[in-house]
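Single-letter residue listing:
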Amino acid sequence: LCGAVIAGFGVGGSFAVQAGLLTVGLAALVPLAVPKPAARADRNVLRELGEGLSYVAHHPGVRTLLVVLLVTALVMAGTFNTLIPKIAKDELGTGAIGASLLFGAMGVGMLMSSLLLASLPRLEPGGRYFILTMIGGGLLNTVFGLSPWYGLSISIMFVTGWNAGFFTNLNMTLVQSNTPQALMGRVMSIYMLCMAGGMPLGALLAGTMADLTSTRTWFATCGVALVVVGVLVFVTQPSLRRMRSSPAPR
């Protein structure tokens, strides 16, 4: 949709549409009633934050999942957001609509795999499948970076979306399934920090390295790096390989 808006009204028009949609979202949140948590006289913010960090640091599976999430945000998510429009324009010879269709193909793939995953009663061992999707994502990244044809590139993006749907959902599910409810808010805040904090840093790194090397070279390099990390995690983290994505049956 943004690609079509940019083609018709420019980048400024796209930002205006985004502002309008955010306003609609804000209006939808106004009537939301959030229950107040029960008051506790002994609450200490720093102590509770320390408990969340301590749990992540001492749980090998959750710790690895969050480290992998941060690495993925640095070398994959930030790279995608920054370099795909440049690849679409400079390497594949297309404009805003062509670039937006690349993202759209990935979004359709993610939606389809997310719905498929939601329909499955179980997918065990979830940790092993998660690591395999990380390795697969790195391979797809590498091939996309080297692809000289738009048709091949958009096909790779669709398959990447399928893979990313499993990767993203399994990562969050594994973290939540292995975190006590009392610590869930604190652990998930660390989760969001790794994801949302890593993406802009990854974008900064991608832009810098693309200027020093080339867009294709850095994109493919990030894919290779993700494969290497995935293989190392698979070999060195047996606890994550055995990690369940759902509570053990009684």
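J.: Would you take a moment to explain the nonpolar core for this structure?
T.: Counting 52 residues, the largest nonpolar core has Leu66, Phe130, Phe144 and Met157 as its most contacted members. Listed by contribution, the elements that provide at least two residues to this core are α2 (45–58), α3 (60–91), α4 (96–119), α5 (126–146), α6 (150–177), α7 (184–212) and α8 (215–236). Sorting elements by how many residues they give to this core places α3 first, with 12 residues.

J.: What am I meant to see in the pattern of salt bridges here?
T.: A side chain with one charge can pair with a side chain of the opposite charge if their charged atoms come near. For the coordinates displayed, the defined rule picks out 3 salt bridges. The residue Arg186 makes a salt bridge to Glu51 at a minimum N-O spacing of 2.7 Å. Placement of the pair is Arg186 in helix α7 and Glu51 in helix α2, with a sequence separation of 135 residues. Here Asp90 ties to Lys86 by a salt bridge, and the two come within 2.9 Å at their closest N and O atoms. Taken together, the residues Asp90 and Lys86, both in helix α3 and 4 residues apart, mark about one turn of the helix. Since its relative accessible area comes to 45%, Asp90 is described here as partly exposed. Owing to a relative accessible area of 34%, Lys86 belongs among the partly exposed residues under this scheme.

J.: Honestly, the packing of α4 against α6 in this entry has me stumped. Any pointers?
T.: Pairs of packed helices are described in terms of their axes, by the angle between the two and the distance that separates them. Running from amino to carboxyl end, α4 crosses α6 at an angle of 40 degrees, the nearest separation of the two axes being 7 Å. Pair α4 / α6 crosses with right-handed handedness. Among the residues forming the contact of α4 with α6, the class breakdown is 18 nonpolar, 10 polar and no charged.

J.: Please clarify how a nonpolar patch on the surface should be interpreted in this entry.
T.: A grouping of Val108, Met112, Phe158 and Val159 is seen on the molecular surface, where their side chains present a nonpolar patch of about 300 Å² in accessible area. Within the residue set of the nonpolar patch, elements represented by two or more residues are α4 and α6. Along the chain, Met112 falls in helix α4. Taking relative accessible area as the criterion, Met112 reaches 37% and is therefore assigned partly exposed.

J.: Would you explain the packing of aromatic side chains in this entry?
T.: Aromatic rings considered in pairs are described by the distance between their centres and by the relative angle of their planes. As enumerated under the stated definition, the model contains 3 aromatic pairs in all. On the numbers, 5.3 Å between centres and 35 degrees between planes, the contact of Phe80 with Phe219 is tilted. In this pair, Phe80 is assigned in helix α3 and Phe219 in helix α8, connecting sequence segments 139 residues apart. Summarising the burial analysis for this pair, Phe80 and Phe219 share the class buried. Measuring from ring centre to ring centre gives 5.2 Å for Phe144 and Phe219, while their planes differ by 45 degrees; the resulting arrangement is tilted. Here Phe219 lies in helix α8 and Phe144 lies in helix α5, a separation of 75 residues in the sequence. Of the two residues, Phe144 and Phe219, both sit in the buried class. Cluster of aromatic residues (ring-pair linked, three or more members): Phe80, Phe144 and Phe219. Positioned above the aromatic ring of Phe234 is the side chain of Arg241, whose terminal nitrogen or guanidinium carbon lies 5.3 Å from the ring centre.

What counts, and where the lines are drawn
- Residues numbered from 1 in each chain as written.
- Predicted model: local features only at pLDDT ≥ 70, side-chain atom pairs only at ≥ 80, totals over all residues.
- Heavy atoms only, no water.
- Core = buried A, V, L, I, M, F, W, Y, C linked by side-chain atoms within 4.5 Å.
- Buried < 20%, exposed > 50% of the residue type's maximum accessible area, 1.4 Å probe, protein only.
- Helix = DSSP H or I, 4+ residues; strand = E, 2+ residues; numbered from the N terminus.
- Salt bridge = Lys/Arg side-chain N within 4 Å of Asp/Glu carboxyl O.
- Axes fitted to C-alpha atoms, helices over the stretch in contact; angles between N-to-C directions.
- Left-handed = near helix turned anticlockwise from the far one by under 90°.
- Nonpolar A, V, L, I, M, F, W, Y, C, P; charged D, E, K, R; others polar.
- Patch = residues over 30% accessible without salt bridge, like charges linked within 9 Å, V, L, I, M, F, W, Y side chains within 5 Å.
- Areas by Shrake-Rupley, 256 points an atom, 1.4 Å probe, with all protein chains shown as cover.
- Phe/Tyr/Trp six-rings, centres within 6.5 Å; stacked < 30°, edge-to-face > 60°.
- Lys NZ or Arg CZ within 6 Å of the ring centre and 35° of its normal.

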